[in-house]
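Here is what each chain is made of, one letter per residue.
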Amino acid sequence: MAKALGQTPAEEHLTNLSSLTEYLAGNVGLFFTNRDPSEIIEYFAAYSQTDFARAGVVASQTFTIPAGVVHSRGGEVPSDDDVALPHSVETTIRKWGMPTRLDKGKIVLDAPYTVCKEGEVMNSHQTALLKMFGVAMADFKIDLKAYYSKSSESVTEVGAMEE
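Throughout, residues of each chain are indexed from 1 in the direction in which the sequence is written. Reporting of local features is limited, given that this is a predicted model, to residues whose pLDDT is at least 70; pairs of side-chain atoms are given and counted only at 80 or more, and all residues count toward the totals for whole chains, interfaces and linings. Neither water nor hydrogens contribute to the side-chain values; these are computed over all heavy atoms in the structure.

Section: the overall build of the protein
Piece 1. What counts as a helix is a DSSP run of H or I of at least four residues, what counts as a strand is a run of E of at least two, and both are numbered from the N terminus. Summing up its helical and strand segments, the protein has four helices and nine strands in all.
Piece 2. Counting from the amino terminus, helix and strand elements in the protein follow one another as α-α-β-β-β-α-β-β-β-α-β-β-β.
Piece 3. Based on the C-alpha atoms only, the size of the protein along its principal axes is roughly 70 × 30 × 25 Å.
Piece 4. Exposure is judged per residue with a 1.4 Å probe applied to protein chains only, and the accessible area is read against the type maximum: over 50% gives exposed, under 20% gives buried, and values in between give partly exposed. Relative to its 163 residues, the protein shows a buried fraction of 28%.
Piece 5. Whether two residues are in contact is decided by their heavy atoms: any pair within 4.5 Å suffices. The long-range fraction of contacts in the protein, counting pairs at least 24 apart against all pairs at least 6 apart in sequence, stands at 57%.
Piece 6. A gap of 10 Å separates the mean positions of the 14 positive and 22 negative side-chain charges of the protein. Lys and Arg are tallied as positive, Asp and Glu as negative. Neither His nor the chain termini are counted. One atom stands in for each charge, and that atom is NZ of Lys, CZ of Arg, CG of Asp or CD of Glu.

Below is the structure:
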């Protein structure tokens, strides 16, 4: 992206556009609009989307699967409103750390199993289990770093947004 914008004043496509390249590190993107910057900053400050957690994220709640037949929502909804997990995923969830067994074609836990505890950093097996049971624990937010204004031909840094 930096190459496309121009990394030096000699390469840049618009005056001072190369100043924006210092913000293009890590997981970033470019957003183009003709709207007022204050409107965009206000919109993204309020924008949040719940998503499935990834490894390294801190658990926002404790999630425990009750003993007995394992259901697709892991005990989050009444068992009458849920369906049992198919036997074909038993080896996968056992590989991810759940001490399961098959009993008459049903996946069974002999004791409650805590997938994650609130405040603890999760690993990839925990996050895979949470995703399988439909538990979203991460908030996706867009953190605006800076913007370029063609009218003023300058880059303005946006204050760090609170998480």
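This is not the end of the story, as more comes after the structure.
With respect to the pattern of salt bridges
Piece 1. For salt bridges, the criterion is a side-chain nitrogen of Lys or Arg within 4 Å of an Asp or Glu carboxyl oxygen. Going through the model one piece at a time under the given rule, you end up with five salt bridges.
Piece 2. Of the charged contacts, one joins K3 and E11 as a salt bridge, the two residues approaching to 3.9 Å between their closest N and O atoms.
Piece 3. A salt bridge links R35 to E39, with the nearest nitrogen and oxygen atoms 2.7 Å apart.
Piece 4. For E39, a relative accessible area of 39% gives the class partly exposed.

Considerations on the packing of aromatic side chains
Think of a pair of aromatic rings as described by two things: how far the centres are apart, and how the planes are tilted against each other in angle.
Piece 1. Aromatic contacts are taken between Phe, Tyr and Trp rings whose centres are within 6.5 Å, Trp giving its six-membered ring; a plane angle under 30 degrees counts as stacked, one over 60 as edge-to-face, and the others as tilted. Counted by the stated rule, this structure contains five aromatic pairs.
Piece 2. Taken together, a centroid distance of 5.1 Å and an interplanar angle of 80 degrees make the contact between Y43 and F44 edge-to-face.
Piece 3. Using a relative accessible area of 10% as the deciding quantity, one classes F44 as buried.

Here we look at the sheet that holds strand β5 (residues 106–109)
Piece 1. The three strands lie next to each other as β3-β5-β4, forming an open sheet whose pairing is antiparallel. The open sheet has two free edges, formed respectively by β3 (68–69) and β4 (100–103), since each of these has just one partner strand.
Piece 2. Being paired, for any two strands, means DSSP has found at least two bridges between them. As judged from the two bridges shared by β3 and β5, these two strands associate in the antiparallel manner. Bridging from a neighbouring strand, G68 pairs with L109 of β5.

Structural notes on the environment of F31
Piece 1. Secondary-structure assignment places F31 in the loop between α1 (2–5) and α2 (37–46).
Piece 2. It is 9.7 Å that separates the C-alpha atoms of F31 and L144, two residues lying 113 residues apart in sequence.
Piece 3. With residues up to four places along the chain from it excluded, the contact list for F31 reads I40 and F44.

Some thoughts on the side chain of Q126
Piece 1. Relative to the helices and strands, Q126 is located in helix α4 (residues 124–132).
Piece 2. In this structure Q126 touches V115, C116 and V121, once residues within four positions along its chain are discounted.

Observations regarding a nonpolar patch on the surface
Piece 1. Residues M1, L30 and F32 make up a contiguous nonpolar surface patch of about 330 Å² in total accessible area.
Piece 2. Inspection of the secondary structure assignment puts L30 in the loop between α1 and α2. Surface patches are drawn from residues lacking salt bridges whose relative accessible area is over 30%; two like charges belong together within 9 Å, two nonpolar side chains (Val, Leu, Ile, Met, Phe, Trp, Tyr) within 5 Å. Surface accessibility follows the Shrake-Rupley procedure with a 1.4 Å probe radius. Residue values consider only the protein chains on display as shielding.

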